[in-house]
Amino acid sequence: MRPSTALLTDHYELTMLQAALAAGTAQRRSVFELFGRRLPQGRRYGVVAGVGRALDALEEFRFDDEVLETLRDVVDEPTLSWLADYRFSGDIWGYAEGETYFPYSPLAVVEGTFAEAVVLETLLLSIYNHDSAIASAASRMTLVAGERPCIEMGSRRTHEEAAVAAARAAYIAGFASSSNLMARQRYGVPTAGTSAHSFTLLHDTEEDAFRAQIASQGRGTTLLVDTYDVAEAVRRGVEIAGPELGAVRLDSGDLGVVAREVRAQLDALGAHRTRIIVTSDLDEYAIAALAAAPVDGYGVGTQLVTGSGHPTSGFVYKLVAREGDDGEMVSVAKRSKDKISIGGRKYALRRRSTAGVAQAEVVGIGTMPLDDGDDRPLLVPLVRDGKVVGRESLDAARERHRRSVAELPRAVQAMSAGDPAIPTVHLPE
């Protein structure tokens, strides 16, 4: 049995619950919405990730004896008794994993009683905010990389569990593989890797290191060639492995210039099929700058796992409708300056032209917007009557991401700062 996720939350979720139980309002039917008011500055679109992880965490959101003991000096006995029987029994609709999103896209709509929905706030936000930030950065990187594969290798630059989640999110957004073996075991993310500078330094000579690696991993391995002198390392690598050498990796210097020099050298040595992989603090801008260089793949670490300057997506979780005294649902909204929410249960579709190009994010308040025949509904059932119904494979999310980005206007390919690629329209307004 997996450990409970119930304490992956904030103290005030449970003090709100206690007060609502005492006031008799905890069982009011409620609708919460998870959304972002804006995209990170300059971004044209975002990518939804973490849905599958959130569904897994929801299934383990249980207040067992050990968890309840921790909470004895946090809430009163009636609240502890209620928590002991907690099971989310409501419905959750949301954007499927890998989907693109825009300001005020209703990424998750949680329907249930106030009590059972409010306690999920921090759990859902922590997963969606992190994973979507990574996927959004990864998507920009794979977009500019085109057909050249990107490899996620940022585990050593973040928290150990964040590293696993980041590898998963990056794979959804088009990365070919990861260095993280836990992501391989837990989620089936393909992994790759060969050697670091320490392996070369371990041996008496670079030649000894290369011979050892090739003997162990075969001629198709990737040799790290910038420990000492790049040109000499390339010459020696091809001499040992022959033209069947799989790849060389460059991790320092002016990567564009060095890649051109190495490509010319490899070709002169007859190693025409030996690929060039570059690493070293790459982000989407560095990848774009290398578009004309003879590079065959990119290894990305720090900038990916930190969201390339935007480590969170800025999502919030707000009550948008609740049951009134007469039993009818009432729209509610926050009006604080710069932090408004829009009341009402939301529905969403992607308005598209007859050619299939996205034109607007249309959000209906209370009713589903009219589909003119070319549009695409965005909300799918994730949880029904407390049971997870929206779990899917990473490959399905990966393919959805590819299709979703492909239908956006061409402006998303620009790395310069700009407005969201399509506007968000609320109906009725």
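Keep in mind the model is a prediction, meaning the values are calculated, not measured.

J.: Hey, could you run me through the overall build of the chain in this one?
T.: When helices and strands are counted, the chain shows 15 helices and 19 strands. Summarising its shape, the C-alpha atoms of the chain cover approximately 85 × 55 × 35 Å along the three principal directions. By the burial criterion, 51% of the 429 residues in the chain qualify as buried. Contacts in the chain between residues far apart in sequence, at least 24 positions, make up 73% of those at least 6 positions apart. For the chain, the accessible area works out to roughly 19,100 Å², and carbon and sulfur atoms hold 51% of it. Averaging the positions of the 47 positive and the 59 negative side-chain charges in the chain gives two centres separated by 4 Å.

J.: Explanation requested: the packing of aromatic side chains in the structure shown.
T.: Aromatic rings in a pair are described by how distant their centres are and how their planes are angled relative to each other. In this structure the tally under the stated criterion is eight aromatic pairs. With a centroid separation of 5.5 Å and 90° between ring planes, the pair formed by F61 and F63 is classed as edge-to-face. A single burial state applies to F61 and to F63, both of which are buried. Through pairs of rings, three or more aromatic residues link up here, namely F61, F63, W82 and Y86. The ring of Y187 has R168 lying over it, and the distance from NZ or CZ to the ring centre is 5.2 Å. Directly above the ring of Y171 sits R398, whose terminal nitrogen or CZ lies 4.2 Å from the centroid.

J.: So what exactly am I meant to see when it comes to the environment of G98 here?
T.: You can see G98 is positioned in the loop between β3 (91-95) and β4 (100-101). Counting along the chain gives 307 residues from G98 to V405, while the straight-line C-alpha distance between them is 9.4 Å. In this view, G98 contacts V47, V48, I172, A397, R400, H401 and S404; residues no more than four positions away in its chain are not counted.

J.: Just to check I follow, could you spell out the packing of helix α11 (residues 230-241) against helix α12 (residues 255-268) for this structure?
T.: For any two helices packed against each other, one specifies the crossing angle of their axes together with the interaxial distance. Look at α11 against α12: their axes get within 10 Å of each other, and the N-to-C directions meet at 35°. As α11 runs across α12, the sense of the crossing is right-handed. Contact residues: V230, A231, V234, R235 and V238 in α11; V258, V262, Q265 and L266 in α12.

J.: Help me out: how do you make sense of the environment of G390 in this one?
T.: In this fold, G390 is placed in the loop between β18 (387-388) and α15 (394-406). The exposure class assigned to G390 is buried, which follows from its relative accessible area of 18%. Along the backbone, G390 and V380 are 10 residues apart, and their C-alpha atoms lie at a distance of 7.6 Å. Here G390 is in contact with L55, P381 and L382, once residues within four sequence places are set aside.

J.: Explain the pattern of salt bridges to me, please; I cannot follow it from the model alone.
T.: Pairing between side chains becomes possible if they bear opposite charge and their charged atoms approach one another. In the structure shown here, the tally under the stated rule is 31 salt bridges. Close ionic contact of R186 with E161 constitutes a salt bridge, the shortest N to O distance being 2.9 Å. In this pair, R186 is assigned in helix α8 (residues 181-187) and E161 in helix α7 (residues 160-172), connecting sequence segments 25 residues apart. The class of R186 is partly exposed, set by a relative accessible area of 39%. Among the salt bridges present, the one from R249 reaches D251, with a minimum N-O distance of 3.9 Å. With relative accessibility at 14%, the residue R249 sits in the buried group. For D251, a relative accessible area of 24% translates into the label partly exposed.

J.: I would appreciate a short explanation of the nonpolar core in the present structure.
T.: For soluble globular proteins, nonpolar side chains are generally found buried alongside one another. If you look at the biggest cluster of nonpolar residues, it comprises 54 residues, and the most contacted ones within it are L34, F63, Y128 and Y317. In this structure Y317 touches F32, E33, L34, V110, A117, L120, E121, L124 and L125, once residues within four positions along its chain are discounted. With 52 residues, the next largest nonpolar core counts Y45, V144, A293 and M415 among its residues.

Rules and cut-offs
- Residue positions are given per chain, counting from 1 as you read along its sequence in written order.
- In view of the model being predicted, local features appear only for residues whose pLDDT reaches at least 70, and side-chain atom pairs are presented and counted only at 80 or more, with totals across whole chains, interfaces and linings using the full set of residues.
- Processing note: side-chain calculations cover all non-hydrogen atoms of the structure and skip hydrogens and water entirely.
- Helix and strand assignments come from DSSP, with helices taken as H or I runs of at least 4 residues and strands as E runs of at least 2, each series counted from the N terminus.
- Throughout, exposure labels follow a simple rule: accessible area from a 1.4 Å probe, protein chains only, divided by the maximum for the residue type, with under 20% read as buried, over 50% as exposed, and the rest as partly exposed.
- Note on contacts: a residue pair is in contact if any heavy atoms of the two residues lie within 4.5 Å.
- All accessibility values rest on the Shrake-Rupley procedure with a 1.4 Å probe; residue burial counts only the protein chains present in the view.
- Here the positive residues are Lys and Arg and the negative ones are Asp and Glu; neither His nor the chain ends is included.
- To locate a charge, take atom NZ for lysine, CZ for arginine, CG for aspartate or CD for glutamate.
- Aromatic contacts are taken between Phe, Tyr and Trp rings whose centres are within 6.5 Å, Trp giving its six-membered ring; a plane angle under 30 degrees counts as stacked, one over 60 as edge-to-face, and the others as tilted.
- We count a charge as sitting over a ring when the NZ of a lysine or the CZ of an arginine lies within 6 Å of the ring centre and within 35 degrees of the ring normal.
- Helix axes are fitted only over the stretch in contact, all axes being lines through C-alpha atoms; the angle between N-to-C directions runs from 0 to 180 degrees.
- Each helix crossing is assigned a hand: it is left-handed if the near helix lies turned anticlockwise from the far helix by less than a right angle, otherwise right-handed if that turn is clockwise.
- Take a side-chain nitrogen of Lys or Arg and a carboxyl oxygen of Asp or Glu: if they are within 4 Å of each other, that pair is a salt bridge.
- As used here, the term nonpolar core means buried Ala, Val, Leu, Ile, Met, Phe, Trp, Tyr and Cys residues forming a set that is joined through side-chain atoms within 4.5 Å.

Shape is all these values report; function is a separate question.
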